[in-house]
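# A look at the structure
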There are 2 protein chains.
Amino acid sequence: MQTKKIAPKTARPAKKMPKTAIFVEPAKGGVTAAAGFFAAVVKAGIKASKKTDLAAVLSDRPAAAAGTFTKNAIRASSVDWCEALLPSAKIRAFLCNAGCANACTGDQGVRDTAGMAALAGIELGVPQKSVLVASTGVIGKFLPMEKIANAMPKLAAALAATAAAGTAFAQAIMTTDLARKESAVKVTVGKGTFFIGGTTKGSGMIHPNMATMLCFITSDAAIDSTLLNTVVKRVVNKTFNNLTVDGDTSTNDMVLVMANGASGVSVKGRGEALIAFEEGLFTVCNDLCKKIAADGEGATKRVEVNVKGAKTEADAQLAAKAVATSNLTKCALFGNDPNWGRIACAVGYSGAKFSKQKMSIELCGIEVFKNLQPVAFDQKKAHALLKKKVVGIDIDLGLGDKMATAHTCDFSYDYVKINAEYHT
Amino acid sequence: MQTKKIAPKTARPAKKMPKTAIFVEPAKGGVTAAAGFFAAVVKAGIKASKKTDLAAVLSDRPAAAAGTFTKNAIRASSVDWCEALLPSAKIRAFLCNAGCANACTGDQGVRDTAGMAALAGIELGVPQKSVLVASTGVIGKFLPMEKIANAMPKLAAALAATAAAGTAFAQAIMTTDLARKESAVKVTVGKGTFFIGGTTKGSGMIHPNMATMLCFITSDAAIDSTLLNTVVKRVVNKTFNNLTVDGDTSTNDMVLVMANGASGVSVKGRGEALIAFEEGLFTVCNDLCKKIAADGEGATKRVEVNVKGAKTEADAQLAAKAVATSNLTKCALFGNDPNWGRIACAVGYSGAKFSKQKMSIELCGIEVFKNLQPVAFDQKKAHALLKKKVVGIDIDLGLGDKMATAHTCDFSYDYVKINAEYHT
């Protein structure tokens, strides 16, 4: 992530250049990067590995909060719980357990989610309905509520505003993830400065058209919850909704955002501060997407599918996602094989409109397909470039000026191994 | 495949029982099982393996013909060629090459497809536009037309009506397939008897919503090409369109059917003969689907996903296909893991309507999920049953009486290996 001075062609919706200078620069940490946020973790005994598995983030004051939620019709009760509460101006905490998804658990599951919020509320000294609950892990198992109840006082006592506490939170929410994933930015707009930081978990069961995995983001900007809701949905649609690991849409996925206003910088419905906030949120979300793609189950490389020349943004997304989801393409990338035929094939079945005369494909910057015909290229060079840790696929649909990027990874033996051996 | 006397609940559309006895019984062979059909193969030098790679089926008289075609927007010119000709009452031959898909080959590809039909027409003594051309293999390479031209006389000279010639055809059209796939039935309706036989190829790049792979079917029933077209589309929708190996919809896929009337049995727009023909065609197509699923790239077992209790047949198909396409479910089946959570998750994101109260899932005949809650079951027994060569997943959506079956296979290390190493 690099410091950017805002210029056109970013994710922000405004057309004109801001009058005030806006800087979005990398910052340290994750959920505790912004002022007024505390995090804590504890070993409750939910994970078989006996690692930390219950984690909380507390805001020192009521925060505006919004989220996006899985579109899977079989959703965990935690998703229903959060969606019913959001958007809200009065959220105080995230509570997340790993090791048990509490999904497909019927009425008992609903009671257990409410129970988690109630237990956290008591220990944190906040209302039950100000606690956003998230669960991740095995589907179809009940939560060990007694263990959670026993662990809650220790969790509350451990709350700290340090970067280390944020990192511990990022660690505790992991399941099959191999790497912690945190990202934060410092945003300067005129004389004001605020932070946006977050963490995410997920490396399988990840696919567009929903909130994709668990992601927790905090900011000390002051923003109305309705406006926050609009901005979060817009940014998630450009980032997490264009991310896929395996095409499976999970039952538990959410992106949750709290903004508590501790910085004193106010973000209103228009103007530079909104542009700055949206750019900052986009930067954090986009960075976390890249980290998930790089840590996709069994991944040996991260893949960015950039589509331009689309008539509509929806077309660009369709094409980018189809290529990012194609098992055949992803196996070829694992084999360092410049098999552009599979990429063209995926664009063909994506449903996106494209020009047969003008459509072209570049693989690692090498043009391989144009005018519905192969282009002679240096196979050896392509093979070598495909071995890199990050591979780019650039597709021009030849029809317009809309674009989209999808994030994914290659598809290796280890994806199968991890998912054949994962314990039910 | 077992001999069946027709009873209700088959694939046929008629509601009342036929007055005349109808028998559909297994028969030997494939594309030459029906009278008046000849097959031949030759080594043209298209496959790198130097195996037989150019194959033809000739009808001794003009045949009614129909087909279904891939919905991929980037289609091979052979698909365009066949779709432009069909349905037709004047088709004489199938011509198929393996080793080169002639897809993404622009204007040259269009000329080459027409060239193949012209060359075959000259040698077989039939009109160019009575030859249905199909190609399979690597995308983005031009056909070696000189080799094909040189091989054509030898191909024409080899034509024979024997079962061995049909089997040789089934062998020549294979690419990454490990097994030949043929199926045939003898259909008796009153005093009349006719045959339907076919062959198919394909083990990767196979996914619903198009003709799915190459399939060639012949029959000596007499049927009008418009009626044949209707019946073929109806049967393919219940069979090949519910088949998936990897979710990738190919550029070249077709199901092509010729019926030449050599049996003298006439199939009209209503009545027993139509019921018998449709049942026979369904039996052959369903059997070939099972054979493709069993030979799916890297498959260690065949999987049948049976959905019942749906409000509409479209809902049943959505749910069955989503489960059959889920990488996570298929990895779990490879690992003999009764991970019903992934099945429930796939039903959840399928878009199919279902009752949360009444939905249930059986795995290998064992009930594992009901009322959105897990059911206690014998894990050891389930694990043992999952090791069998054929695994059944039965899902009741709890809303109505419509049903559908999807065919697939498990997802193994070898799928990745085959597709990472396949040469471009």
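The rules behind each value
Residue positions are counted from 1 within each chain, in the order its sequence is given. Chain A is the first chain written and ligand 1 is the first ligand written, with later ones labelled in order. Given that this is a predicted model, residues contribute local features only at a pLDDT of at least 70 and side-chain atom pairs are listed and counted only at 80 or more, while totals for whole chains, interfaces and linings are drawn from all residues. Working from all heavy atoms in the structure, the side-chain values ignore hydrogens and water. We define the nonpolar core as a collection of buried residues of types Ala, Val, Leu, Ile, Met, Phe, Trp, Tyr and Cys that are connected through side-chain atoms lying within 4.5 Å of one another. A 1.4 Å probe rolled over the protein chains alone gives each residue an accessible area, and that area as a share of the maximum for its type sets the label: buried under 20%, exposed over 50%, partly exposed in between. Helix and strand labels come from DSSP, where a helix needs a run of H or I of at least four residues and a strand needs a run of E of at least two; each type is numbered from the N terminus. In what follows, a contact means two residues having at least one pair of non-hydrogen atoms within 4.5 Å. We define a salt bridge as a contact between a side-chain nitrogen of Lys or Arg and a carboxyl oxygen of Asp or Glu at a distance within 4 Å. Should DSSP find at least two bridges between two strands, the strands are regarded as paired. Fitting a line to C-alpha atoms yields each axis, with helices limited to the stretch in contact; the angle taken between N-to-C directions then spans 0 to 180 degrees. As a working definition, buried area equals the accessible area (1.4 Å probe) given up by two parts on being put together, with both sides summed. Here the term charged refers only to Asp, Glu, Lys and Arg, the term nonpolar to Ala, Val, Leu, Ile, Met, Phe, Trp, Tyr, Cys and Pro, and the term polar to all other amino acids, Gly among them. Each Phe, Tyr or Trp ring, with Trp reduced to its six-membered ring, pairs with another whose centre is within 6.5 Å; inter-plane angles below 30 degrees give stacked pairs, above 60 give edge-to-face pairs, and intermediate values give tilted ones.

### Topic: the nonpolar core
Membership of the largest hydrophobic core comes to 94 residues, with the highest contact counts inside it found for Val305, Ile395 and Leu397 of chain A together with Leu54 and Phe216 of chain B. At eight residues, the largest contribution of residues to this core is made by strand S4 (residues 54-69) of chain B. Sequence-distant contacts of Leu54 of chain B, that is, excluding residues within four places in its chain, are made with Ala40, Val41, Val42, Ala44, Leu95, Cys96, Asn97, Met116, Ile148, Ala151, Met152 and Leu155 of chain B. Among the nonpolar cores identified, the runner-up in size contains 93 residues, and Ala39, Leu86 and Leu143 of chain A together with Ala316 of chain B belong to it.

### As for the pattern of salt bridges
Residue and element names in this part refer to chain A. Under the definition given, this model contains 23 salt bridges over all chains. Here Asp80 ties to Arg75 by a salt bridge, and the two come within 2.8 Å at their closest N and O atoms. Members of the salt-bridge network, linked through shared partners, are Arg75, Asp80 and Glu83.

### Here we look at the sheet that holds strand S15 (residues 366-370) of chain A
All names here are of chain A. The strand order across the open sheet built from six strands is S16-S15-S14-S17-S13-S18, with neighbouring strands paired in mixed fashion. A strand with exactly one partner marks an edge of an open sheet, and here the two such strands are strand S16 (373-374) and strand S18 (402-409). Sheet strands in contact with helix H7 (residues 313-325) are strand S13 (302-310), strand S17 (390-396) and S18, and its direction is about 20° off that of S18. Strands S13, S17 and S18 of the sheet are contacted by helix H8 (residues 327-334), whose axis makes an angle of about 135° with S17.

### Things to note about the interface of chain A and chain B
The interface is formed by 54 residues belonging to chain A together with 54 residues belonging to chain B. Summing the contributions of chain A and of chain B, the shared interface buries around 4300 Å²; its carbon and sulfur component is 61%. Our count for the contact surface shared by chain A and chain B stands at zero salt bridges. Breaking the side of chain A that touches chain B down by element, the ones donating at least two residues are helix H2 (106-124), H8, helix H9 (340-349), S16 and helix H11 (413-421) of chain A. Its residues assigned to classes, the side of chain A that touches chain B comprises 26 nonpolar, 20 polar and eight charged.

### Quick notes on the packing of aromatic side chains
Overall, the coordinates contain eleven aromatic pairs over all chains when judged by the stated rule. Ring geometry for Phe169 of chain B and Phe216 of chain B: centres 5.3 Å apart, planes at 90°, overall edge-to-face. Taken as a pair, Phe169 of chain B in helix H4 (residues 163-172) and Phe216 of chain B in strand S9 (residues 214-219) lie far apart in primary sequence, 47 residues in all. On the accessibility criterion, Phe216 of chain B (0% relative accessible area) is buried. Ring pairing ties together the aromatic residues Phe94, Phe169 and Phe216 of chain A, which thus form one cluster.

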